[in-house]
Amino acid sequence: MSELKDFLAIAERTAAAASAALLEHRQSWAVVEAEIGREVKIDADKRAEAIILSALEQATPFAAIAEESGWSRVRERGDRYVWAVDPLDGSVNYLRDYPHCAVSIALLDDGVPVLGVVDCFVMSERFSGIVGEGAWLNGKPMRVSDIADPAGGILQTGVPSRASAESMKLFEARLTAWRKVRMIGSAASALAYVAAGRAEAYRESGSMIWDVAAGCALVKAAGGEFRIGGDALDQPLEVSAGNGRVALPE
């Protein structure tokens, strides 16, 4: 596990550097470059991703899959480890000065998230964890909640830009099962909140691996569980996560 601790330290340093830049350049980087349906691309996404990929490439030989550039260092060697990077999860929130946005960096071991960092830089909260080792919020241990009944719990969810009509019907069905439902516009932050015991579960359809990998690793590291369903890392996924006491939302 000492190897994973070294990789976590790299991810934490890298996320911190990108977060600092996003805060420093917020006025000049909050520029819309493209709008496709509900999805918005802003200058900050590309700039933060460049910082992250450069740092990771200098520190490790691993391939990476990232929101803006897709695959880098294509897996010709069949790499065991792959970085999954969302340089700015919650771009619209960042653009509108809404606080729930984050830098998200995960390490995948044969496609499975094993460590993650979610840096909610506006809130000055950095969530980090290693599956099997533990999870931390600003360096202090964190755990999932003990609530076992959805009727007394909080579901974190969202309506991703890739949502289908079928997934929207399922989304509507979930709303009545939980005491409260929260949609904060950042999958990484929402999953981190489950890991920290602020909510009991997360469910979303159409997410990409870079949206959810770090958060799923955090949930597992904090004592919870997750399920990722999909055919490939570069395709939309079905993602559920929870505290291990409530059933994973369908």
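Scroll up a little and you will see the structure.
A brief look at the structure comes next. What you are looking at is a predicted structure, and each value in this text was computed from that prediction instead of being measured.

1. Looking at the packing of aromatic side chains
All told, the structure shown has six aromatic pairs when counted by the stated rule. Relative to Tyr-193, the ring of Phe-127 lies with its centre 6.1 Å away and its plane at 55 degrees, an arrangement referred to as tilted. Placement of the pair is Phe-127 in strand S8 (residues 125-130) and Tyr-193 in helix H6 (residues 187-195), with a sequence separation of 66 residues. Judged by its relative accessible area of 0%, Phe-127 is buried. Taken together through their ring pairs, the aromatic side chains of Phe-7, Phe-62, Tyr-81 and Trp-83 make up a single cluster.

2. Focus: the pattern of salt bridges
Here the idea is simple: oppositely charged side chains can pair when their charged atoms come close. Counting across every chain of the model gives 11 salt bridges. Between Arg-80 and Asp-109 there is a salt bridge, and its shortest N-O distance comes to 2.8 Å. Separated by 29 residues along the polypeptide, Arg-80 in the loop between strand S4 (70-72) and strand S5 (81-89) and Asp-109 in strand S6 (residues 102-109) bring together distant segments of the chain. Between Asp-119 and Arg-126 there is a salt bridge, and its shortest N-O distance comes to 2.8 Å. The class for Asp-119 is buried, based on a relative accessible area of 4%. Sharing partners across several salt bridges, the network here consists of Lys-41, Glu-67 and Glu-68.

3. Quick look at the environment of Gln-235
Within the secondary structure, Gln-235 is located in the loop between strand S14 (225-229) and strand S15 (237-242). Classification of Gln-235 as partly exposed rests on a relative accessible area of 39%. Separated by 27 residues in sequence, Gln-235 and Met-208 place their C-alpha atoms 6.5 Å apart. Excluding residues that lie within four positions of it along the chain, Gln-235 makes contacts with Ser-207 and Met-208.

4. Considerations on the sheet that holds strand S9 (residues 134-137)
Read from one edge to the other, the open sheet built from eight strands follows the order S4-S3-S5-S6-S7-S8-S9-S10, with strand pairing classed as mixed. Each edge of the open sheet carries a strand with a single partner, namely S4 and strand S10 (140-141). Direction of pairing for strand S7 (residues 112-120) relative to S8: antiparallel, over a ladder of six bridges. The residue of S8 that forms the bridge with Val-117 is Ser-128. Each of strand S3 (63-66), S4, S5 and S6 is contacted by helix H3 (residues 43-59), which is oriented at about 155 degrees to S5, the strand it contacts most. Strands in contact with H6 are S5, S6, S7 and S8; relative to S7, the strand with the most contacts, it is inclined by about 105 degrees.

About the cut-offs
Residues numbered from 1 in each chain as written. Predicted model: local features only at pLDDT ≥ 70, side-chain atom pairs only at ≥ 80, totals over all residues. Heavy atoms only, no water. Phe/Tyr/Trp six-rings, centres within 6.5 Å; stacked < 30°, edge-to-face > 60°. Helix = DSSP H or I, 4+ residues; strand = E, 2+ residues; numbered from the N terminus. Buried < 20%, exposed > 50% of the residue type's maximum accessible area, 1.4 Å probe, protein only. Salt bridge = Lys/Arg side-chain N within 4 Å of Asp/Glu carboxyl O. Contact = heavy atoms within 4.5 Å. Pairing = 2+ DSSP bridges. Axes fitted to C-alpha atoms, helices over the stretch in contact; angles between N-to-C directions.

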